[in-house]
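Residue-level structure breakdown
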Amino acid sequence: MAIEEISKNALTVLEKRYLGKDENGNVLESVEDMFRRVSDTIAAVDANYDTSTNTRAQSDEFYELMTDLKFLPNSPTLMNAGRALGQLSACFVLPVEDSMEGIFDSVKNAALIHKSGGGTGFSFSRLRQSGSAVRSTGGVASGPVSFMKVFNAATEAVKQGGTRRGANMGVLRIDHPDILDFINCKANNSEITNFNISVGITEAFMEAVEKQSDYDLIDPKTKQAVGHLSAEKVFDMIVDHAWRNGEPGIIFLDRLNRDNVTPSQGEIESTNPCGEQPLLPYESCNLGSINLVKMLRKTLTGYELDFRLLGETVEKAVHFLDNVIDANNYPLEKISETTRASRKIGLGVMGWADALLMQGIPYNSDEAVELAERVMRYINNTGHAASARLAEKRGTFPLFSVSTLKDGPAMRNATVSTIAPTGTLSIIGGCSSGVEPVFAYAFIRNIMDGTEMIEVNPVLMAKLKELGLYNDDVLKKIASEGTIAHCEEIPEEVRRVFVCSHDIKPIDHIKMQAAFQKYTDNAVSKTVNFPKEATRNEVRDVYLLAYKEGCKGVTIYRDGSREEQVLNIGKVN
Ligand code: UDP
C-alpha cells in the first residue's frame, strides 16, 4: 500500500485504537500489518468451504481492497480480527425481558459487547409501566426509564476496555404507558449520555396524528388499553424535544417489520445505536462500506462513476462480509446462533458527498438524488446477485426456507445492504462520511478523549489549488464559517456545487435519505441538520416528510442545541 495515502488524521486514529500494542502501549503493528492481519483472518474462512482454495491469493485480494481504500469493514473487524478478542461486529440488539433476571442479564451481555467494541440496541417496551405492581415483593415497578439509567451507568463504567466507548440505542413504543417520561428522559443533556433514544412509532399512531385523534396506551403485560393520549400532542412533544437537543429520534416500527425477512423468529423492536441496522433480539450484524471516491474514473471533462469497478468491488465486499460471520468470535452463544441463522450483512457506501463534488454535482440537486437511486440500486442488485452466487457454493442462510425470500433466488444472507455513519472509517478512507453532505469545508473534529483534529475537505483543497486560491486568507474565511457560500473570491459556479450541510435545506436531506433507503435492505444512517434559528414547525414538517417518503426513521440536529457537539464550525484559526 502507498502509505502516503493514509492521512495524518487517519494515522492518529489508527495508532490510538486499531494497531496492536504491547502492555506498555508501544505500537507493535504498522498500518500494513493491520490490514494483513485482517485479510489473512477473513480469507482463511474460504478453506472451510473449499479445501483446495488458495487462501494466500484470497488474502491478497482482500488486502488490496482495503489498502486501496476501496472498501473497509466496520471498526471492530479492523481492531479485533486475528486477535484474541476476535469480535468483529459493530451492531447488536439485545432483548430486555420484564424481570429482574432478564434486565440484569441484558446489562451484563451489553457490557460484554461494549468491551469488544460493539454497540447495542434495546427496546424497553416489554417492561411494565412505572407504578404497576411487582408481585413477588408487593412493591411497585419503577418503569423503563429508571432501568435505562442502570444500563447507562454500566456502559459508563465499562468504557470498552481500550477499544471504544459503548454506544446504545434505547427504544420505547409510542403506545407504552411511560412514553411521556421516555420522550423527556434526555431533556437534561447530562443524563443517559451513553444512549441515543428513539420513539418506536406505529402506523396506527401516524394515522391518529393525521386524524388529530387519540390513541391507546397499552399495558405491555396484559396487552389491554390502559389509557389514551392525543396523538398530535405527543407528536408535538417529540418534535419539541428534538428541536431542543436532537432527542428523541423516531423509528417506524411497522416499516422495520414489513422488511423483517424472518418474521417467524420474532419481531424487530430496535435498531443498533446509530439507527441503520434493525435487528431481532440477539442478532448481530457486521457492516462494511465502499468508498465511492475510489469508484470514480477520469473522463475528458472530469469524473464519472465506474460501474464496472463498483460491481467488482461489491462482489468482493459481499464475499468478505460473509466470511466475517464465520470468522467472528461472538460474545454469547445465543448471539452466535441467532446471527449464523440469518447471516445478515450490511454493505453500504461512504464518500458520497465527495464523489458528487468530484463530478461537479450539487448534493441538493435532482441530479444527485437520481444518481443516488441509481448507485444504490446497482449496489443492492449486484450485492444480492453476489449473495446468491455464494449460496450456490456455500448454501443458503439456515432460515432461508422459512424466510420471506424463500420464493426468490437462493440467498446466502438475509440482508445485504445498510448505510452506516462511517464515523471512523471515513477518517481512515479520507472521504466524507456515509451519505452525509460535507459538514463543513474546514472544521475541528473532537475525538472521544479530548483530542481535536483540524480538517479541510480534500476535494475543495484540490479545487482551490487548481484555481490558484489556496491561500491563508481564503482558508481562514472558510474555516470561520464552514461554508463557502459567502466567499466571493470563489467563482459562483464552484460555490453552487460545494454546498455543505448547512446550505442544504432539510427537505433535500430527507430526499437523499429516501433515495438511498429505496434500495437498502436495512436502513440509512442520516442526520438532518437544521440551522439554529429553525422553528419547531420546520422540524415537524421534516418528521412528516420522512414518514411520507418511506424512510425507516429520522434523526435531526439543530445547530448549537447541545453544548458538546462532535463536529464544530468556526473553531479553526
Ligand atoms: N458504534 C459503537 N460505538 C462507537 C461508534 C459506533 O458501538 O463509538 C457502532 C454502532 O452500532 C454504530 C455502528 O458501530 O451504529 C457503525 O458506526 P460507524 O459506521 O460510525 O463505525 P466505524 O466502523 O466507522 O467505526
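These figures come from a predicted structure and were not determined experimentally.

Focus: helix α21 (residues 536-548)
Between its first and last C-alpha, α21 extends 18 Å over 13 residues, near the 18 Å set by a 1.5 Å rise per residue. Among all positions of α21, only Val539, Arg540, Val542, Tyr543, Leu545, Ala546 and Tyr547 are buried. Positive phi appears at glycine 550, one or two residues downstream of α21, with a value of about 90°.

A short note on the site of the ligand
Among the 18 residues in the neighbourhood of the ligand, the closest are listed as Ser75, Asn272, Glu276, Thr422 and Gly423. The contact in question runs from an oxygen atom of the ligand to an N or O atom on the backbone of glycine 423, over 2.7 Å. For the ligand, whose unbound accessible area comes to 520 Å², protein coverage reaches 89%. The residue makeup of the shell around the ligand, split by class, is 7 nonpolar, 8 polar and 3 charged.

A short note on the domain arrangement of the protein
Many analyses report the size of an interface as the accessible area lost when the parts associate. Parsing the protein into structural domains produces domain 1 (3-87 + 286-400) and domain 2 (91-271). At the junction of the two partners, domain 1 supplies 13 residues and domain 2 supplies 15 residues. Counting each side, the surface lost to burial between domain 1 and domain 2 is near 1200 Å², with a carbon and sulfur contribution of 71%. In this assembly, domain 1 and domain 2 are joined by 0 salt bridges. Counting every contact that joins domain 1 to domain 2 gives 2 residue pairs in polar contact (both at pLDDT 80 or more). For the side of domain 1 that touches domain 2, the element with the highest residue contribution is helix α5 (residues 75-80), accounting for 4 residues. Residue classes in the side of domain 1 that touches domain 2 are distributed as 9 nonpolar, 3 polar and 1 charged.

Points about the pairing of strand β8 (residues 214-218)
Pairing of β8 with strand β9 (residues 225-230), which is carried by 5 bridges, proceeds in the antiparallel orientation. Considered in β9, the bridge of isoleucine 218 is made with alanine 225. Counting the residues between successive antiparallel strands, the hairpin from β8 to β9 contains 6 residues, one of them, lysine 223, with a positive phi of roughly 65°.

Here's the deal with the side chain of aspartate 219
Structurally, aspartate 219 is set in the loop between β8 and β9. At 7.5 Å, lysine 221 is the nearest oppositely charged side chain to aspartate 219, a buried residue that forms no salt bridge. Engagement of the side chain of aspartate 219 in a polar contact is seen with the backbone nitrogen of lysine 221, the distance being 2.7 Å. Once residues within four sequence positions are removed from consideration, aspartate 219 is found in contact with Gln129, Pro177, Gln224 and Val226.

Here's the deal with empty space enclosed by the protein
One pass over the full model with this rule turns up 4 cavities of 30 Å³ or more. By volume, the largest cavity amounts to about 60 Å³. Along its surface, the largest cavity is lined by Leu256, Asp259, Asn260, Val261, Ile268, Pro278, Lys344, Thr415, Asp521, Asn522 and Lys552. Taken together, the residues of the lining of the largest cavity break down into 4 nonpolar, 3 polar and 4 charged.

Some details on the pattern of salt bridges
The final tally for this structure, using the stated rule, is 36 salt bridges. The salt bridge involving lysine 552 is made with aspartate 259; its shortest N-O contact spans 2.8 Å. You can see lysine 552 sitting in the loop between α21 and β20 (553-558) and its partner aspartate 259 sitting in the loop between α11 (253-258) and β11 (270-271), a full 293 residues away along the chain. Its salt-bridge partner being aspartate 306, residue arginine 297 comes within 3.6 Å of it at the nearest N-O pair. Connected through salt bridges with shared partners, the residues Asp46, Asp322, Asp326, Arg340, Arg343, Arg394 and Arg412 form a single ionic network.

Digging into the side chain of glutamine 513
Position of glutamine 513 relative to the elements: it lies in helix α20 (residues 506-518). Discounting residues that sit within four places of it in the chain, glutamine 513 has contacts with Val524, Lys526, Cys551, Gly553 and Val554.

Notes on the nonpolar core
In this structure, Phe205, Trp352, Ile478, Phe516 and Tyr543 are the most contacted members of the largest nonpolar core, which totals 145 residues. Counting the residues that make up this core, at least three belong to each of domain 1 (3-87 + 286-400) and domain 2 (91-271). With sequence-adjacent residues up to four places away left out, phenylalanine 205 is seen in contact with Ile174, Tyr215, Ala231, Val234 and Phe235. In this structure, Ala341, Leu399, Phe400 and Ala414 belong to the second largest nonpolar core, which totals 8 residues.

Regarding the packing of aromatic side chains
Applying the stated criterion to the full structure yields 15 aromatic pairs. Judged by centre distance (5.2 Å) and plane angle (85°), the ring pair of phenylalanine 307 and tyrosine 378 falls under edge-to-face. Remark: tyrosine 378 occurs in helix α15 (residues 366-394) and phenylalanine 307 occurs in helix α12 (residues 307-327); sequence separation between them is 71 residues. Where tyrosine 441 meets phenylalanine 498, the ring centres are 5.9 Å apart and the plane angle is 55°; that geometry is what we call tilted.

Brief notes about the packing of α12 against α15
The contact between α12 and α15 brings their axes to 9 Å, and the two run at 45°. For the element pair α12 / α15, the angle class is oblique. Here α12 runs over α15; the crossing is right-handed. Contacts from Phe307, Leu310, Gly311, Val314, Glu315, Val318, His319, Asp322 and Asn323 in α12 reach Arg374, Val375, Tyr378, Ile379, Thr382, Gly383, Ala386, Ser387, Arg389, Leu390 and Arg394 in α15.

A word on the layout of surface pockets
For the second largest pocket, the calculated volume is near 380 Å³. Lining the second largest pocket are 22 residues; nearest its centre among them are Asp98, Arg128, Ala133, Val134 and Ala141. If you list the elements that add at least two residues to the lining of the second largest pocket, you get α6 (100-115), β4 (133-134) and β5 (139-140). Per element, the largest residue contribution to the lining of the second largest pocket is 3 residues, and it comes from α6.

Structural notes on α6
Look at α6: 23 Å from first C-alpha to last across 16 residues, which is about the 22 Å you get at 1.5 Å a residue. For α6, every residue scored as buried is listed here: Gly102, Ile103, Ser106, Val107, Asn109, Ala110, Ile113 and His114. Against β2 (91-94), β3 (119-123), α7 (144-158), β6 (168-173) and α13 (333-342) lie the buried residues of α6. Looking one or two residues beyond α6, the residue adopting positive phi is glycine 117, at roughly 95°.

Rules used in this analysis
- Residues numbered from 1 in each chain as written.
- Predicted model: local features only at pLDDT ≥ 70, side-chain atom pairs only at ≥ 80, totals over all residues.
- Heavy atoms only, no water.
- Helix = DSSP H or I, 4+ residues; strand = E, 2+ residues; numbered from the N terminus.
- Expected span 1.5 Å × (residues − 1).
- Buried < 20%, exposed > 50% of the residue type's maximum accessible area, 1.4 Å probe, protein only.
- Near = heavy atom within 4 Å.
- Polar contact = N/O pair within 3.5 Å; in protein donor to acceptor, adjacent residues only side chain to side chain.
- Areas by Shrake-Rupley, 256 points an atom, 1.4 Å probe, with all protein chains shown as cover.
- Nonpolar A, V, L, I, M, F, W, Y, C, P; charged D, E, K, R; others polar.
- Domains from an automatic or database assignment.
- Contact = heavy atoms within 4.5 Å.
- Buried area = accessible area lost by both parts, 1.4 Å probe.
- Salt bridge = Lys/Arg side-chain N within 4 Å of Asp/Glu carboxyl O.
- Pairing = 2+ DSSP bridges.
- Lys, Arg positive; Asp, Glu negative; His and termini not counted.
- 1 Å grid on protein atoms, 1.4 Å probe; cavity = no way out; pocket = protein on both sides within 12 Å on 5 of 7 lines; lining within 4 Å.
- Points joined across faces, edges and corners; volume = space filled by probe spheres on them.
- Core = buried A, V, L, I, M, F, W, Y, C linked by side-chain atoms within 4.5 Å.
- Phe/Tyr/Trp six-rings, centres within 6.5 Å; stacked < 30°, edge-to-face > 60°.
- Axes fitted to C-alpha atoms, helices over the stretch in contact; angles between N-to-C directions.
- Parallel < 35°, antiparallel > 145°, perpendicular 65-115°, else oblique.
- Left-handed = near helix turned anticlockwise from the far one by under 90°.

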